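# Coordinate analysis (summary)
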Amino acid sequence: SQTIHQWPATLVQPVGSPLSLECTVEGTSNPNLYWYRQAAGRGLQLLFYSVGIGQISSEVPQNLSASRPQDRQFILSSKKLLLSDSGFYLCAWSGTYEQYFGPGTRLTVT
Amino acid sequence: QKEVEQDPGPLSVPEGAIVSLNCTYSNSAFQYFMWYRQYSRKGPELLMYTYSSGNKEDGRFTAQVDKSSKYISLFIRDSQPSDSATYLCAMSQGGSEKLVFGKGTKLTVNP
């Protein structure tokens, strides 16, 4: 069966510091992968999606970036965090047309 | 008009009640419909998905799609306190490149 992992689970970072969140998927090959952010009262916002290694599509212009160095690894990064980057970050992979989410990373920028 | 509208609630019901959660949408190209359950501080969990009009049942859960009215529903029978969560509807035009989500309805089932 497929499993999706995210780490860290919780992160507190100062403004201006860098960020690296990692997501890995087990039990499937060449999945479509997604990064979402969920802020209170704002629903799920799609940030990036990837259909293969090195292929990244950005949905929202911002100071975040994503990379996919391996088939089942997806990384979300920032060089300098802003207060507005606080939120719950979710990674997902897709089945035929549905998506399956990881446990999430709660990021607080102070 | 937003693509997907979902009443945020909160919705509070007694244990054993039948719960009805709803979403409306404006894009007639949506063909695939999903419901997710999200417990506090956890990732969304896929509950049900369907790609046709009509009803789909899974245990205490029934998903209903009315494409002519652009309206989908999730019914929970014999609701339990463990059903207390936020429920998100989601839909797509085809494939799974992009899902459009509702903002979620927060449900509390009181024992």
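Before any of the text, the structure's been laid out above.
Described below are features of the structure shown in this document. For clarity, every value in this text was computed on a predicted model and none was experimentally measured. (Residues numbered from 1 in each chain as written. Chains lettered and ligands numbered in written order. Predicted model: local features only at pLDDT ≥ 70, side-chain atom pairs only at ≥ 80, totals over all residues. Heavy atoms only, no water.)

## Describing the sheet that holds strand S1 (residues 4–6) of chain B
All names here are of chain B. Quick note on the threshold: Paired strands, as defined in this entry, are two strands with at least two bridges between them according to DSSP. The numbering of helices and of strands both runs from the N terminus, where a helix is a DSSP run of H or I of at least 4 residues and a strand a run of E of at least 2. Fitted lines through C-alpha atoms give the axes, limited to the stretch in contact for helices. The angle between two N-to-C directions lies from 0 to 180 degrees.
Pairing within the open sheet is antiparallel, and its five strands lie in the order S1-S3-S8-S7-S6. Of all strands in the sheet, those bounded by a partner on one side alone are S1 and strand S6 (54–58). Between one strand and the next, the sheet's axes are offset by a mean angle of 15 degrees, whatever the strand orientation. Strand direction decides the pairing type here: strand S7 (residues 61–66) and strand S8 (residues 71–76), joined by six bridges, are antiparallel.

## Some points on the state of the cysteines
As a reminder, the rule being used: We call a pair of cysteine sulfur atoms a disulfide when they lie within 2.5 Å. Using a 1.4 Å probe on the protein chains alone, a residue whose accessible area is under 20% of its type maximum counts as buried, one over 50% counts as exposed, and one in between counts as partly exposed.
According to the stated counting rule, one finds two disulfides over all chains in the structure shown. With a sulfur-sulfur separation of 2.0 Å, Cys23(A) is cross-linked through a disulfide to Cys91(A). Across the disulfide from Cys23(A) to Cys91(A), rotation about the S-S bond amounts to roughly -70 degrees, and the bridge is consequently left-handed. Here the residue Cys23(A) occupies a position in strand S3 (residues 19–26), and Cys91(A) occupies one in strand S9 (residues 87–94), the gap between them amounting to 68 residues. Cys23(A) gets classed as buried once you look at its relative accessible area, which sits at 1%. Between Cys23(B) and Cys89(B) runs a disulfide, and the two sulfur atoms are separated by 2.0 Å. Across the S-S bond of Cys23(B) and Cys89(B) the torsion is about -100 degrees, and the bridge reads as left-handed. Taken together, the residues Cys23(B) in strand S3 (residues 19–25) and Cys89(B) in strand S9 (residues 85–92) connect sequence positions 66 residues apart.

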